[in-house]
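If you want the building blocks of each chain, they are given just below.
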Amino acid sequence: MGIWEILGIDPTDNPAQIKKAYAKKLKVHNPEVDPEGFQRLREAYDLALKHTRNTKRNRMFEETPLPERRQPDEWKEHESKEESVQLQPPRRIYELWHSEAVEEEQPNYDPPQRLTLFDRFLEETTQEVVSQEEIPIPQRYDFTESYDHVERSMNPDDMVARFFRRTHELYDNYHERIQLENWRELLNDEAMWNVGCHQLIDTQFLHFLEEHYHLPHEVWKLLDSHFQWQENSEKLASQLSGRFVAYLNGQLNQTFTLRYHSFENREDFDIEAFLEWRSDALFALMENDWEPAQSYLAKAHALYALDPDLIRLQGEYFLRTGNKNRAFHTFDQLIRLDPDNIDAYLYRARLFLEKGDAADAIKDCEEILTRMPELWDARSLLGKGYLQLGEWEKAQEVFQEMLSHNPSDIDVKICLTQIQSPFDRVTEPAANKQAKTARRKNLQALGLPGMLARFKQFFAIYTRRNIWTIIFLLLLHYAMFAVVSMKLEMTSEQMFDSLVNKCKPVQIKTMDELKQTPLGYQVEFTLTKASYINILRVYDKEKHPEPKAEFIPAAKAEERDLLNSDTGYVNVGYLDQQAIIVITDYDQAKEIHDKHSITMRGTLKAIPDGEMLPVIENALDKRKHPHKALLVTDTYINAKPDLEEKGWTGSWLLGILAIISMLYYIRIIREVPKTRKALTFH
């Protein structure tokens, strides 16, 4: 198989076409999977480039003019000889002239005199010809491209070092950095075509970008097309920080993108500082770290207040911290500044719906759909707007169209269910209502019992048919109650008190009342001057098969991917004149963060020996929290049930009793339709 067949192209002397074909075939013949195929491909690539260089040399030699002092007769004689002698490349001719056997291999025509490119030989063409021994030997001139020769003489480490010098130079020039063509040119560097260099660059390039990531979305897509990061996402997660991996995925999947071309013509502020504050704000919002996010947004806003992406981040911050009024005005400002910003219209439409302004929400949705008809989020908001206005037919039309596009959309099905009931009532014919009224009067005239009398009959028949089943179920429940009381080492009275306490928790207003309350009891209290201290209670099920709580900062929990429905949020606030620790769910922690006070219920528990208290005190020390000096360190209140409580399964006997009870419940449920049928014969 020839080199052109291996490369999959027709013969050519265009190096760019050869390199493009080589890059395409390189995806088929991966050196790690198909080393033999890759070896053949590489040899064909080198030979093709060599053929291209030789073709250029021949063309250069053929186009070199003969000396002007040659007479016309000599021209003819030279042309006749040239037809019979095959021309050699310039390098080969030089070797023939200056080899030791020059006299034996001397060709039968006069060699061209203008062999070199030096100007001094052109100026001396009219001088007297000296003997062969007196002619100085010209310096050997390499007709190959100097750039290519230098690159092929470099070792892989030097090529990689030069590649990263070019990368640093490109990144350091902001206006060059944001141009896609400059990165495309960088990726055509010779180092990218060398397999050894490519592997070195692949491992180092992402670490460079981890510190230099202020690039447009189209540049990230171009880089991913060369390095295939999305296909190796698991490998990247083990090599890079979780924050950067999330940022990289967001850029490649276009979950969130930041723009850079709006600063091309601005030189009046520190662009790099602004970009750093803006990206730090984005990272903080990704981690739900509200205080740093607010600080970064304020610093970026002080440098440049008219960036649409910064305003969008400000709107998201206000929205997620519960300040919906500020969020609405922010997105409204963003639309005035950037009328084509679809995200701003979506946010504002949602806020219009929450305010009850369905007509304005519908206008925003229609504006979006004129530009992006397939944006289903906008169609969903449009349908909900019609639903809020009571326009059932329009809402039903929108949601049915969405359901035909995605039959498994649960949200759409719920909306259609909400539509159906009032829609049926509106469209129900008046004749059906009159028919039902007439039927009810006829039944009363026939002397049939009313609703209450029929229910009494049903209860009497059902009890008579299932009396022994009901008695046996009561005995099973008593046995289960006894097993639980033995497992918890509680008397019947204590069990009863515990059940009553869950229904009616102890009201706590002072620390004395808290100290008098037994551990394990439910308490209801009001927490003041409270704050979330950025510590989470998490469970690593892979690390600890048995439920074991860990108390770690929120950033570490997100980095280890431990955030889930079991996560508890640690807060500190005042009860009476002392500070206590309270573990809540996310919604309660958010209310504490927003209002700094909350009324809630929780279980009074003793602080266990271990890392809980040291971690919390350390967090309070770092924040210079005023609560630490007055902190209660022997008890805390748990408003978020932990896995130790949820995971208790009781004894094997309790499981058997529960299964038997379930079977009897199924039996008495199946008796309901039978009893209704029996009632018709009474």
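Since the model is a prediction, treat every value here as computed from it, not as a measurement.

Re the packing of helix H16 (residues 290–303) against helix H17 (residues 308–320)
Inference 1: Here H16 crosses H17 at 150°, and the two axes come no closer than 11 Å. In this view, H16 runs roughly antiparallel relative to H17, as classed from their interaxial angle. Considering how the two elements wind past one another, H16 and H17 form a crossing that is left-handed. For the pair H16 and H17, the contacting residues are Trp-290, Ala-293, Gln-294, Leu-297, Ala-300 and His-301 in the first and Leu-310, Leu-313, Gln-314, Tyr-317 and Arg-320 in the second.
Inference 2: Here the residues of the contact of H16 with H17 sort into seven nonpolar, three polar and one charged.

Section: the pattern of salt bridges
Inference 1: One pass over the full model with this rule turns up 22 salt bridges.
Inference 2: Taking the shortest distance from any N to any O, the salt bridge between Arg-312 and Glu-316 comes out at 4.0 Å. Pair noted here: Arg-312 and Glu-316 are both in helix H17, with a separation of four residues, about one helical turn. Here the two residues Arg-312 and Glu-316 agree in accessibility, since each one is buried.
Inference 3: Three or more residues joined by partner-sharing salt bridges are found here, namely Asp-332, Arg-336, Arg-348 and Asp-364.

Quick look at the packing of aromatic side chains
Inference 1: For the coordinates displayed, the defined rule picks out 20 aromatic pairs.
Inference 2: Look at Phe-163 and Phe-164: their rings are 5.4 Å apart centre to centre, the planes differ by 90°, and that puts the pair in the edge-to-face class. For the pair shown, Phe-163 and Phe-164 are each scored as buried.
Inference 3: Through a chain of ring-to-ring contacts, the aromatic side chains of Phe-163, Phe-164, Tyr-171, Phe-205 and Phe-208 assemble into a single cluster.
Inference 4: One residue, Arg-177, lies across the ring of Tyr-171, its end atom 3.9 Å from the ring centre.
Inference 5: Sitting over the ring of Tyr-574, Lys-529 keeps its end group 5.7 Å from the ring centre.

Description of the nonpolar core
Here is a general trend for soluble globular proteins: nonpolar side chains tend to be buried in one another's company.
Inference 1: In terms of nonpolar packing, the biggest core is built from 90 residues, with Trp-183, Ile-201, Phe-205, Leu-209, Trp-220, Leu-223 and Trp-229 touching the most fellow members.
Inference 2: It is helix H19 (residues 342–355) that contributes the most residues to this core, nine residues altogether.
Inference 3: Aside from chain neighbours lying at most four places away, what touches Leu-223 is Trp-183, Leu-187, Phe-205, Leu-209, Leu-215 and Trp-229.

Notes on H17
Inference 1: Counted at 1.5 Å a residue, the expected span for H17 with its 13 residues is 18 Å, and the 18 Å between its end C-alpha atoms agrees.
Inference 2: Across the 13 residues that make up H17, a large majority, eleven, are buried.
Inference 3: Every buried residue of H17 is listed here: Pro-308, Asp-309, Leu-310, Ile-311, Arg-312, Leu-313, Gln-314, Gly-315, Glu-316, Tyr-317 and Phe-318.
Inference 4: Those residues of H17 hidden inside the fold are in contact with helix H15 (271–286), H16, helix H18 (324–337) and H19.

Brief notes about the packing of H19 against helix H20 (residues 358–371)
In helix packing, the relevant descriptors are the interaxial angle and the interaxial distance, both defined with respect to the helix axes.
Inference 1: Packing of H19 against H20 leaves a shortest axis separation of 8 Å and a crossing angle of 160°. In terms of axis orientation, H19 runs roughly antiparallel to H20. Relative to H20, the crossing made by H19 is left-handed. Facing Ile-342, Tyr-345, Leu-346, Arg-348, Ala-349, Phe-352 and Leu-353 of H19, the residues of H20 in contact are Ala-358, Asp-360, Ala-361, Asp-364, Cys-365, Glu-367, Ile-368 and Arg-371.

A look at helix H22 (residues 392–405)
Inference 1: Compared with the 20 Å implied by 1.5 Å per residue over 14 residues, the 20 Å span of H22 between its first and last C-alpha is a close match.
Inference 2: Of all the residues in H22, the buried ones are Ala-395, Gln-396, Val-398, Phe-399 and Met-402. An end-on view of H22 places all buried positions within 165° of arc, on one side of the element. When the buried face of H22 is taken as reference, the exposed residues oriented beyond 90 degrees from it are Glu-393, Glu-397 and Ser-404.

Parameters at a glance
Going along each chain's sequence as written, the residues are numbered from 1 onward. Predicted model: local features are reported for residues with pLDDT of at least 70 only, side-chain atom pairs are reported and counted for 80 or more only, and whole-chain, interface and lining totals are derived from all residues. Computation of side-chain values covers all heavy atoms of the structure but excludes hydrogens and water. Lines fitted to C-alpha atoms define the axes here, with helix axes fitted over just the stretch in contact, and angles between the N-to-C directions of these axes take values from 0 to 180 degrees. Secondary structure elements are defined from DSSP: runs of H or I of at least 4 residues count as helices, runs of E of at least 2 residues count as strands, and each element is numbered from the N terminus. For this classification, under 35 degrees means roughly parallel, over 145 means roughly antiparallel, 65 to 115 means roughly perpendicular, and everything else is oblique. Note on convention: near helix rotated counterclockwise from far helix by under a right angle means a left-handed crossing. Clockwise means right-handed. Contacts are assigned to residue pairs that have any heavy atoms within 4.5 Å of one another. Here the nonpolar group is Ala, Val, Leu, Ile, Met, Phe, Trp, Tyr, Cys and Pro; Asp, Glu, Lys and Arg are the charged ones; every other residue, Gly included, is treated as polar. Any carboxyl oxygen of Asp or Glu that lies within 4 Å of a side-chain nitrogen of Lys or Arg is treated as forming a salt bridge with it. Remark: exposure states derive from per-residue accessible area (1.4 Å probe, protein chains only) relative to the maximum for the residue type, with buried under 20%, exposed over 50%, and partly exposed in between. Any Phe, Tyr or Trp ring, taking Trp's six-membered ring, that has another such ring centre within 6.5 Å forms a pair; planes under 30 degrees apart are called stacked, those over 60 apart edge-to-face, and the others tilted. By the criterion adopted, a ring carries a charge over it if an Arg CZ or a Lys NZ lies within 6 Å of its centre and within 35 degrees of its normal. Definition of nonpolar core: a set of buried residues of the types Ala, Val, Leu, Ile, Met, Phe, Trp, Tyr and Cys, connected through side-chain atoms within 4.5 Å. Working rule for helices: expected span equals 1.5 Å times residues minus one. To be clear, the arc concerns the directions from the helix axis to the C-beta atoms.

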